[in-house]
Structure formats: C-alpha cells, structure tokens
Amino acid sequence: MKEISELIIPSELRYTKDHEWAKKEGDRVRVGITDFAQDQLGDIVFVELPEVGTSFEQGEQFATVESVKAVSEVYMPVSGKVVEINESLVQSPEVVNSSPYEDGWFVVVEPGDISQMDSLMDKDAYLELLKGEES
Amino acid sequence: MLKEFTAQGTTSLVMEENLLWETSKKGRKGYSLPPCEVPEEEVEEKLKREDLPLPELSEVDVVRHYTRLSQWNFGVDTGTYPLGSCTMKYNPKINETIASKEEFTAVHPLLPSEMVQAPLRLMYHLEEMLKEITGMDGVTLQPAAGAHGEYTGIRIMYAYHKKKGRPRKKILIPDTAHGTNPASSAICGYDTVKIASNEQGILSPEEVERLMDEDTAGIMVTNPNTLGLFEENIKKISDIVHGKGGLVYCDGANLNALMGVVDLKKSGIDILHLNLHKTFSAPHGGGGPGSGPVCVTEELVDFLPVPRVEREGERYVLSSDYPDSIGRVHSFYGNFLVMVKAYCYILTMGRELKRATELAVLNANYLKECLKGVLHLPYDRTCMHECVFTDKGLLKYKVSTLDLAKRLIDYGFHPPTIYFPLVVHGAIMIEPTETESKENLDRFIWAIRKIVEESQTDPEVVKNAPHNTKVKRLDEVLAARKPCLTGY
Amino acid sequence: MRYLPHTPEEIEEMLETIGVGKLEDLFAPVGEECRRDRDLDLPGPMSELELTRHIEGLVRGSRTSHSLNSFLGAGNYQHYVPSIIPHLVLRSEFYTAYTPYQPEISQGTLQGIFEYQTMVCKLLGMEVSNASMYDGATSLVEALFMALRIKKKANTVAVSQAVHPHYREVIDTYFETRDANVLYLPYDRESGRTDLSSLAEVEGLAAVALQSPNFFGCIEDLDAASRVCKEMDALFVVSFTEPLAFGLFRPPGEFGADICCGEGQSLGIPQGFGGPSLGIFTTRMKYVRSMPGRLVGMTRDREGKRGFVLTLSTREQHIRREKATSNICSNQGLCALISAMYMATLGGQGLREVAGLCHNGASYVKTHLERMGYEAIFSSPFFNEFVVNFRGKGKEIYARLKERDIILGLSLERYYPELEDCYLMCVTETKTRAEMDSLIKEVSSC
C-alpha cells in the first residue's frame, strides 16, 4: 500500500468521496477511479462496465471493479448518459492499476447538468479526505 | 513452557503426476464389463453420439494417479487443522465402515417403505437425538449442507409470516455473519439490514431494539459468534424480536461449543441449522458432501419440508401430508450417508458430547492464553471453542496474516481461517477442536512464536513461505484475469 | 474416550495456565437463562463392538439392490461401481480435508476437481463446469435463477412437466418467494416429449428448461427446443437425471444448450437412499461470471510450476454476500471426485459400452412386455427407462412380483394422475439376462 505522500492526485481533475475522478472534456465528462482506489484494491482482475446508452444519476452505481478477493462498486460523479466505454479494460483490467488516470478510464458521459462538477472535490479537498480516512 | 520442538512439517519424496489426459494412451482400458446377453439395439443416426473424448487409461494409471494426488493434500488425518468455524475434528473410522454397509449404500430411495426400515429408522432416531441435543421440537434432515439449511430455515420463516398474513421484507444480520447468511436470505427474497456488534464483540439489545420493526421478519444470529464469543444477550435479543412478531434464526455451525450446556430453544431460538460435517464428526470431503439439518420450535413444525419420517408403532414411514409444509428442498431425503456417520458418532459419544464441548472450549482458551502475548488479541476474555487474533503484532514487521499462514504450513500445520470475520483486521480465527492433544497445541504455539521471531530476524523466509510444499504460492491474479477452467 | 486425548493431569495444567479452577468456569459467559435443565438423555456411549451390534440389529431385514431384482430408476440408478473407486476415495487425505483455501496443501483436491470439471464438459459437450452443487434438483433451480440474472428484463421461466416431479417440487419451493413466474409446459401424450407450442405467446421469457432423457425416459427433441429458445431470446436449459445416456446419445451441448445441469449419481456414486449425490452444473464461457458454485482454475506458482486454485471467487457468498450468484459453500466435492474417478476408469469407450448394455437391456424388457400386450405408452426414442401401461393389472402384478423380490418399477399415478396404471421401468448394466427373464416370466404368469 502506498503512503499518502506517494499517491498521484492530478490537479486538473475533480474527485468524489468514493474515490472516483471526473475530467471535463468539452461538454463531456470522463470518469475513472483514483490512484488511492486502485492501490487499495490491489491487482485488478475484472471490470464490469455498463452498456453505452444507459443513464445514471449522480451517486448511482454504474460499474464494479474486482480484485481476487474483493469487489468494489463504482459510483457516478455526475448524472449523465454513457456515450463511451473503455473496451480495453475487458482484456487488460490491469491497466487500471498501472494507469488509473490515463489508459485506465472507465466511461465517458454526456452530463445532464455540467454544474454538478462544481460540487465535487478538488485536489486539496480530496487530499484532506484521504488524510482523514488514514486516521 | 519454552519447550523446543522439532517442526513436524518436512520435505519428502512427493511424486509429480500429470493431468489424466496427459497420461492417456489410445487403446488403454481401465474397466471390465460383462458381455451383452441380449440383442444389440441401434440408436437412430441423428441422435447417436459420434465420439466421447475422455482419457483412456489402464487401471494402474488411475490408481497411481489418485494415490499421488492424495499425497498432495493435507487432511485432519495428516495433522492439526485449526480452521475456525469449520470444526475440523477427527473423523472416526468406524463411522466410515458402518456407512459403507450395503443396507445403507445400495438402497433406492423409492423402494416401498416396509423394505427400507433401516434407513428410515436411523433417520427418525437421528432426528430425535438432535432434538435432545438442541432442545428444539422438530427436525428436518433434508438440507444437504449448512447454507442449504440456512435457506430452508429462512424459507420456513417466510412461510410463517405469510401464514400470519403479514409478509415482511427485511432480516437483521450481524456484521460478523458468515457470507452464506445474507446470501441465503437474499435467495429467499429478503433485504438484509446489517447490525453492528458492540465494543465487547457481541450484539447489544439496544441496537436490536433500534432496528427491529414490524417489517422485519427476524434476525439471523450465530452463537457463539464468529469472534468465538458467546452472545450473552441472546435471550434479551430474542425477546425483543419476538415482541415485534419476528423470529430468531441461529446459525448452528459453532454448536461444538454448546453441547450439553446450552438449551437453544430456552435461549430464544426459533429456527436453527446444524452442520453434521462439523459438530458431528462427518468428514468434510474436500468441499462436501455435508449435511445441514434444520431444527424448529413446536410452532414451526408444520412448515418443515416434506416428506417427513413418521413412526407408526414399530414401523417407520414417509409422509407428505402436511399442507403448510414449505415443500421439498432436495430431490430425495438429503445426504443420507452423511446422516449415518453423525448417527454413529452420537451413539459413540452419548452424554460424553458434553465432554467434547468442554474440551473444545478448554483447548481454545488455552491457545488464547498462550498466544495473547505473541499475537494481538482484540477481545481479551473467555472465549468459546475458537479465538480470533488480529495482524497488529505482525504489521510492524511488514508481515501479513497471509504470510503467517503460509509459514505455518512449513511447520506442519494447516493454517487457521484467515481474513474472516471481516470486522477484524487481518483476522486469524483458530478453532483447535477437542480432538487435539495438549502436545499438539503446545507445538502449534511454539510454531507461531517461531514465526513471529522469524518476522523480526528473517522476514523473507516468512514472506516467501511455504518452502516445503509441492507448489509455492500460486498466482491467483493470473487465474482470475485469464481463467483456464478446463484442460482441453 | 478414544477421540478425546486429554489426560486429567493435562486438563489441570491447562486450567492453571488459563487461570480458572475448573472446566465449568469457562462457561461463565453462558447465563442461566440459556442453560439446559437436565443432562443429555442419549443412548450410548457405545464401544465399537456395541455400536456394530446395534447397527446389525438395525439393518436386519432391510433390503438392498443386491438382494432384490429391482427395475426402479426415476432419478436414482443402480450401476456397478469399479472396485478401485472406494479404495481411492477412502484415502483420508481426500476425505478428511476441507475446502482448498490453502492451495499449496490442497493440490490433490484442486487437480482432482479441475479434471472433474474438464471431463464433465466433455461428457455434456459444454464449455465450463463448476465444482458441483447439491443434487440435480437444486442444480436446476440454480440454472433458472442464473437465467433470470442474465436476462435482466425477463421474469418468467418455462419448465417441462416431464422434468422429474421432485425437481419441480423443489423449483416451486424456491420460486414461491420470488417475483418471477414458473410456467409448466405440458407433454405430448403420444410421444412423451414436451409440447413447446404454448411458448409462442409468452412474454419476458428468461429460459426454457427440459430434461433429457426426461422423467418418462424419452429423449427430447433438443433441436426443436433450441430453435424455439433462439426465437424467444431465452436461455436453453437442459437438465438430466441419467448422465450415462450421453455415452450413447448426442449430448445437450451439441444442441446449443446454454446451461446443462443435472444429477451425476450414476457416475460411480452409491444409491445411498438418495444422498449424497452430485449436482452437475455446466454452461458456456460467456456466462461464467453469472455461474454459481466453486470453480477451480489452472495457474502457475512463483517458480513457474503448474498448479491449481479456486478462482473467480468474487461471484461467491464469502465475498459478494447478498449479491452472490448463490449461497452455496460446501458442495458435493468428494462426490465430484468419485465421478471423475469413474469417468477416468471407464473412459469414452467404457461409458459407451455401459450405456449400450443399459439400452439393450431396456429394449429387451420393453419388447417382451409389448409382446404380452403391455404397451410402452410413449413413442420417442429412449435410453434405459420407459413407461408401461399394465391395463388395470398393474397393482396386482406389482404385488405379486414384490413377493418374489422383484420390484416392477415406479407407479406414476401419484405424480401424473392421467397415467393410471402406468409404471416407469429402468434397466441398467447390472441386470443379468436371467433377472430380466425372471421379470418377464413373472409378469406373463399374472
């Protein structure tokens, strides 16, 4: 397990309390799980993604991530419709471990209300959350 | 007690062995059959099977194959197997001999009852004895394993509430419960509401009171719980649940701690399942077959599965004339040959079952006392038949519970249950059972001490364990990422 | 007591170490309100000799398949078990072990089950098998639940009336508390096969389940059923009670079954008064993550050596809890191992020969009964079971034969009231010509 100081937390992203990240890309949002999440899970063996076209509310579960001995639910940072899913995760789930913010993205959504991004944490707030969880 | 032992685990000549199809040679034959004495009948072409590509082996090939495979296994007969909540006690051989009698093995379940009085009589009397041991009023032997018994018991709960005209939606399940508990409830259609244990590691009546309502069918408890602690508030809790019209289900996997001491019905339990392959010495078989009888109070007897064994004077018959029964849960009557072994065990032990319980609890407390300076003990008080430690003492050496378990193998022990219950960090759940001698326990304690020492002086030997086994640590990540579930 | 190794001195020492005076003190947490009012009132304790005598008294007069000439089938079959199997399976490293949680010391069980999974797939023509379920009935229930999980928008399953009546009872028990519906499909009175015609109007169908050979012994038209399932976008589930049929007949996998499940008792497991038996469960790889039960997979250890582990465990109850694919934990592991030993011993050729003996014997008996005017009522091809109508004389014939230690078969009236005076008969490789002729002779003299 990494120390908090070793965790990668890119400053241009937004974060949720359940350790998802969201990245604004024009009028769309790309979603994945954070370095902390992948580190906690250990070697990821399977990712279950929704079908393109399905819609979710903010906070609703849209995916699951599995390691050998555990399953974690992944929740939507913003409400929206899934327009792209990362098919490469089917063959290579380990990419989530090695590249959680780049190649290991989960879905791209068309948000219903882009202002929901403002309700998410920025890098500093997320770091505070992690420090709080440690103690 | 700083006696030095030699490690029992050693290396030896352990034979390699192929997969069956790797040994297969076309034309080899391992069987014999009598010639056909009647005319041969052809099967129509479009239905006829073309080929059946199973391995072709001689009898010697098959015998060597499985003999070698067996040598790679660790069983209770090999050594101490303190797997928490599994009660790996000695499996008596007389039970195997008796269960092999043809009056038990070579019997069709649908023969007329007057021809099969032996199995029916055995089942009836086993039920009677289980009632006596548990204090309950009715028994079904149909469920084929503990989880199957849990489903059956929860299904009875459902039927009870339905008959009362007020089907309920939820069941309370402690955070320490075995995973089969919520899974069985979910199969029945219930939502599970998690109830946390208190700082003493047991359920508190106040918490039950807070969560129990008229939409809750009942509570599923395990007693003793998976921390090895007796649920001291069980009677109060049962009263609260009953007060709101609910029922109390007890997972009886840990009955080994209670025989001859506790009256389950008196403590407020309405439905209870047992594990004949745990408490009652039937072997575990490498993953079954088990047997999970369910015991109920008088009020619930009518809901028991059918058919039921009835006694009419000196004759025993099967009857399905129970309109409120939940129906069948098994194709026939359950795992009968497993019942035979439990029956033999109970007759062998008689009232000494209480002694077995006392010594099981003695063994666990002895281990707890001797290990509490070595491993971190979260609940430092009298335990029942098992005790649970955390990995707090190991983590400072960067050694995990898993590493400890693997190194124990080199010392000739099967590891205890690890990482369960989930509420304990890096849980190590040790259940010695009553069939382990003091010397075996002392050796186990010595081994744990050695390993904790090694964690400080030579941690690599612990982190890379086991060293003496046929295979070393296996890549479970690869197995999950690229599942290879058949050989050809 | 020979299973309790403690001497009085050792008990003293241990109590002292713990810091209590007597054993009773260890039960201090158990309050009065939970305590028994009296001592255990049980027979025994018995020595081995006493227990043996007791059992001998208990079994006296009880009948077995060996002392009877029985033509009973109906989901439990009398087959010959090669003598090496009891010897091998009673190696205590197999039967006194538990779930292979520590794979390094369980490679025997794990490789054994991996081989079982592989061979059962070959037998059934399927892609992946689990490590076993309790029996054929609960396997079928699990198959239906699995279909409902996969076809999320569907809420109905169709099950043939020609599936074993006990299996249908178990389905009813499990489905009564669930939101889904079970639709039972009638059978055709002439052929004995399932009538699929009513399926066309059904909405939200998750699965169609047939048994083949079915309860009447008839081989179902799996081609037709497979096509209907495709049209309805439902999963095609084929169940069985007699897997030896697939020594002779094309297996369900070849007809596109999505799930093939059933009872494996015929594969070397004793009749055992109905249990333990073996729930076989197989499916296609694309559905593997929805499959219930344990799975053994092949992998490598850190030195590159081949080894086996339990895998895809996140489907199971100890991880997924209420969202698991099933609640199953202990299954019928040792029985799966027995069936693997049986398949390894007989091989493809041996299974074909055993199946041939069964089929030929059944055909012989059927033919001779028909010559006496007792028709086999269904016209479909069969394996080793068939239904005979005894034209009002069934009870009399049954009783007369029973006096001569011959069991005619299973009376079907209580399961299918329309099949009055009909008996389900079964012939296996254990029947000699003399035994078959004895039945025929006794029936003809009624």
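Every value quoted in this text rests on a predicted model; they were computed, and no experiment measured them. (Residues numbered from 1 in each chain as written. Chains lettered and ligands numbered in written order. Predicted model: local features only at pLDDT ≥ 70, side-chain atom pairs only at ≥ 80, totals over all residues. Heavy atoms only, no water.)

Quick look at the overall build of chain A
Logical step 1: Across its full length, chain A holds four helices and nine strands.
Logical step 2: Ordering the α and β elements of chain A from the N terminus gives β-β-β-α-β-β-β-β-β-α-α-β-α.
Logical step 3: The globule rule puts the C-alpha radius of gyration for 135 residues at 14 Å, and the 14 Å found for chain A is close to it.
Logical step 4: Every one of the 135 residues in chain A was classed for burial, and the buried ones make up 50%. (Helix = DSSP H or I, 4+ residues; strand = E, 2+ residues; numbered from the N terminus. Rg over C-alpha atoms; globule rule 2.2 N^0.38 Å. Buried < 20%, exposed > 50% of the residue type's maximum accessible area, 1.4 Å probe, protein only.)

Quick notes on the side chain of Glu115 of chain C
Logical step 1: Relative to the helices and strands, Glu115 of chain C resides in helix 5 (residues 107–124).
Logical step 2: Despite being buried, Glu115 of chain C has no salt bridge partner; Arg306 of chain C is the closest side chain of opposite charge, sitting 7.3 Å away. (Lys, Arg positive; Asp, Glu negative; His and termini not counted. Salt bridge = Lys/Arg side-chain N within 4 Å of Asp/Glu carboxyl O.)

Thoughts on the interface of chain A and chain C
Logical step 1: If you look at the interface, chain A gives 10 residues, while chain C gives six residues.
Logical step 2: Together chain A and chain C conceal approximately 600 Å² of surface at their shared face, both sides included; 48% is due to carbon and sulfur atoms.
Logical step 3: Together, Phe46, Glu66 and Val71 of chain A form the three largest contributors to the area buried by chain A at its contact with chain C, with a combined 53%.
Logical step 4: Inspection of the region where chain A meets chain C yields two salt bridges.
Logical step 5: Salt-bridge contacts for Glu66 of chain A lead to Arg320 of chain C; the nearest nitrogen and oxygen are separated by 3.5 Å.
Logical step 6: Linking chain A with chain C are one residue pair in polar contact (both at pLDDT 80 or more), by the criterion used here.
Logical step 7: When contributions to the side of chain A that touches chain C are tallied by element, the ones reaching two or more residues are strand 4 (44–48), strand 6 (61–67) and strand 7 (71–75) of chain A.
Logical step 8: Broken down by element, the residue count for the side of chain A that touches chain C peaks at three residues, all from strand 6 of chain A. (Contact = heavy atoms within 4.5 Å. Buried area = accessible area lost by both parts, 1.4 Å probe. Polar contact = N/O pair within 3.5 Å; in protein donor to acceptor, adjacent residues only side chain to side chain.)

Let's talk about the side chain of Thr64 of chain A
Logical step 1: Relative to the helices and strands, Thr64 of chain A resides in strand 6.
Logical step 2: Beyond its immediate sequence surroundings of up to four residues, Thr64 of chain A is in contact with Phe46, Val47, Glu48, Val71, Ser72, Glu73 and Val74 of chain A together with Arg320 of chain C.

Regarding the interface of chain C and chain B
Note: interface size is frequently given as the accessible area lost on complex formation between the parts.
Logical step 1: Taken together, the contact between chain C and chain B spans 182 residues of the former and 201 residues of the latter.
Logical step 2: Approximately 17,100 Å² of surface area, both sides summed, lies buried where chain C meets chain B, with 64% of it carried by carbon and sulfur atoms.
Logical step 3: Along the contact surface separating chain C from chain B lie 11 salt bridges.
Logical step 4: Taking the shortest distance from any N to any O, the salt bridge between Lys162 of chain B and Glu176 of chain C comes out at 2.9 Å.
Logical step 5: Top contributing element to the side of chain C that touches chain B by residue count: helix 10 (residues 333–371) of chain C, with 24 residues.

Remarks on the pairing of strand 4 (residues 216–222) of chain B
All names here are of chain B.
Logical step 1: Counting buried residues along strand 4, seven of its seven residues qualify, which places the element largely inside the surrounding structure.
Logical step 2: Pairing of strand 2 (residues 170–174) with strand 4 involves three bridges; the strand directions are parallel. Looking at the pairing, Lys170 lines up with Thr216 of strand 4.
Logical step 3: Both strand 4 and strand 5 (residues 247–251) contribute to a ladder of five bridges, which runs parallel. By the bridge assignment for strand 5, Ile219 is matched with Val248. (Pairing = 2+ DSSP bridges.)

Details of the environment of Arg306 of chain C
Logical step 1: Tracing the backbone shows Arg306 of chain C in strand 10 (residues 306–310).
Logical step 2: Put simply, Arg306 of chain C and Leu49 of chain C are 257 residues apart on the chain and 47 Å apart in space, counted from C-alpha to C-alpha.
Logical step 3: If sequence neighbours within four positions are ignored, Arg306 of chain C has contacts with Glu17, Asn18, Leu19, Glu22 and Val471 of chain B together with Met298, Thr299 and Arg300 of chain C.
Logical step 4: Here Glu22 of chain B takes part through its side chain, which lies 2.7 Å from a polar atom of the side chain of Arg306 of chain C.

Regarding the nonpolar core
Logical step 1: Core analysis: the largest hydrophobic core is formed by 163 residues, its most contacted members being Phe104 and Phe280 of chain B together with Phe216, Val365, Leu408 and Met425 of chain C.
Logical step 2: At 12 residues, helix 10 (residues 336–349) of chain B tops the list of elements feeding residues into this core.
Logical step 3: If you count residues domain by domain, this core takes at least three from each of domain 1 (96–350) and domain 2 (353–478) of chain B.
Logical step 4: Residue contacts for Phe216 of chain C: discarding those within four places in its chain leaves Ala162, Tyr187, Gly192, Phe378, Glu385, Phe386, Val387, Leu412, Tyr416, Leu419 and Leu424 of chain C. (Core = buried A, V, L, I, M, F, W, Y, C linked by side-chain atoms within 4.5 Å. Domains from an automatic or database assignment.)

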